[in-house]
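# Coordinate inspection notes
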Amino acid sequence: MRSFQLVRDLVIKHHVHGIKDIQQSLNLLNHMKKFGKITAFKFMRDPVTSERTGMAFITYKQFSDAQDALKSRRQTVPELSAPFNEIEVTPYQRQIRKE
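Keep in mind that what you see is a predicted model, and the values were worked out from it rather than measured. (Residues numbered from 1 in each chain as written. Predicted model: local features only at pLDDT ≥ 70, side-chain atom pairs only at ≥ 80, totals over all residues. Heavy atoms only, no water.)

What the protein chain contains, in helices and strands, is three helices and five strands. For the protein chain, the α and β elements follow one another from N to C terminus as α-β-α-β-β-α-β-β. The buried share among the 99 residues of the protein chain stands at 35%. Within the protein chain, contacts between residues at least 6 apart in sequence are counted, and of these 61% link residues at least 24 apart. Total accessible area on the protein chain is roughly 6,800 Å²; 52% of this is exposed by carbon and sulfur atoms. (Helix = DSSP H or I, 4+ residues; strand = E, 2+ residues; numbered from the N terminus. Buried < 20%, exposed > 50% of the residue type's maximum accessible area, 1.4 Å probe, protein only. Contact = heavy atoms within 4.5 Å. Areas by Shrake-Rupley, 256 points an atom, 1.4 Å probe, with all protein chains shown as cover.)

Here it is as structure tokens:
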């Protein structure tokens, strides 16, 4: 089951200061919802400054939804203003430690 979870996770890379408030975050979320049902959506923050790092993690319920989102790696979110509306979608690959 855990390996199935890995293939549904995506990373969204966006401009570091591009998405500042909750409305812009919701615009990005709504853009990604068009590919399928989302079970998790989280922006990464710097642990020291609490500023956004420019990445968001998203998990789709179905593998096929994540694959649909990946068909276009570079996407434009029309609801966000340029140049902050350009995003890059990549698969999230967890690193497994070998002991």
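Side chains of residues three or four places apart in an α-helix project in the same direction, reflecting 3.6 residues per turn. Compared with the 16 Å implied by 1.5 Å per residue over 12 residues, the 16 Å span of helix α2 (residues 22–33) between its first and last C-alpha is a close match. Within α2, the full set of buried residues consists of Ser25, Asn27, Leu28, Leu29, His31 and Met32. (Expected span 1.5 Å × (residues − 1).)

Moving on, we get to the pattern of salt bridges. Opposite charge on two side chains allows them to pair when their charged atoms are near. Enumeration according to the criterion identifies two salt bridges in this entry. As a salt-bridge pair, lysine 71 and aspartate 68 come within 3.3 Å of each other at their nearest N and O atoms. Since its relative accessible area comes to 69%, lysine 71 is described here as exposed. The shortest N-O distance in the salt bridge between glutamate 88 and arginine 74 comes to 3.8 Å. Of this pair, glutamate 88 sits in strand β5 (residues 86–91) while arginine 74 sits in strand β4 (residues 74–76), and the two are 14 residues apart along the sequence. Given a relative accessible area of 62%, arginine 74 falls into the exposed group. (Salt bridge = Lys/Arg side-chain N within 4 Å of Asp/Glu carboxyl O.)

To continue, consider the side chain of aspartate 65. Counting through the fold element by element, aspartate 65 comes out in helix α3 (residues 63–70). In this structure aspartate 65 comes out as buried when scored by relative accessible area, which is 13%.

Bringing the confidence of the model for the protein chain into the picture now. Residues of the protein chain with pLDDT of at least 70 account for 77%, and the chain-wide mean is 77. When pLDDT is averaged over each element of the protein chain, α3 comes out on top at 87 and helix α1 (residues 2–6) at the bottom at 41. Within the model, the stretch residues 1–7 combines pLDDT values under 50 with seven contacts to residues more than four positions away or in other chains. (pLDDT = per-residue confidence, 0-100.)

So, about the environment of glycine 54. With respect to the helices and strands, glycine 54 occurs in strand β3 (residues 52–60). In this structure, the C-alpha to C-alpha distance between glycine 54 and isoleucine 87, residues 33 residues apart in sequence, is 9.8 Å.

On to the environment of lysine 37. Position of lysine 37 among the secondary structure elements: in the loop between α2 and β2 (38–45). A relative accessible area of 54% places lysine 37 in the exposed class. Counting along the chain gives 22 residues from lysine 37 to threonine 59, while the straight-line C-alpha distance between them is 8.8 Å. Other than its neighbours up to four places away in sequence, lysine 37 contacts Thr59, Tyr60, Lys61 and Asp65.

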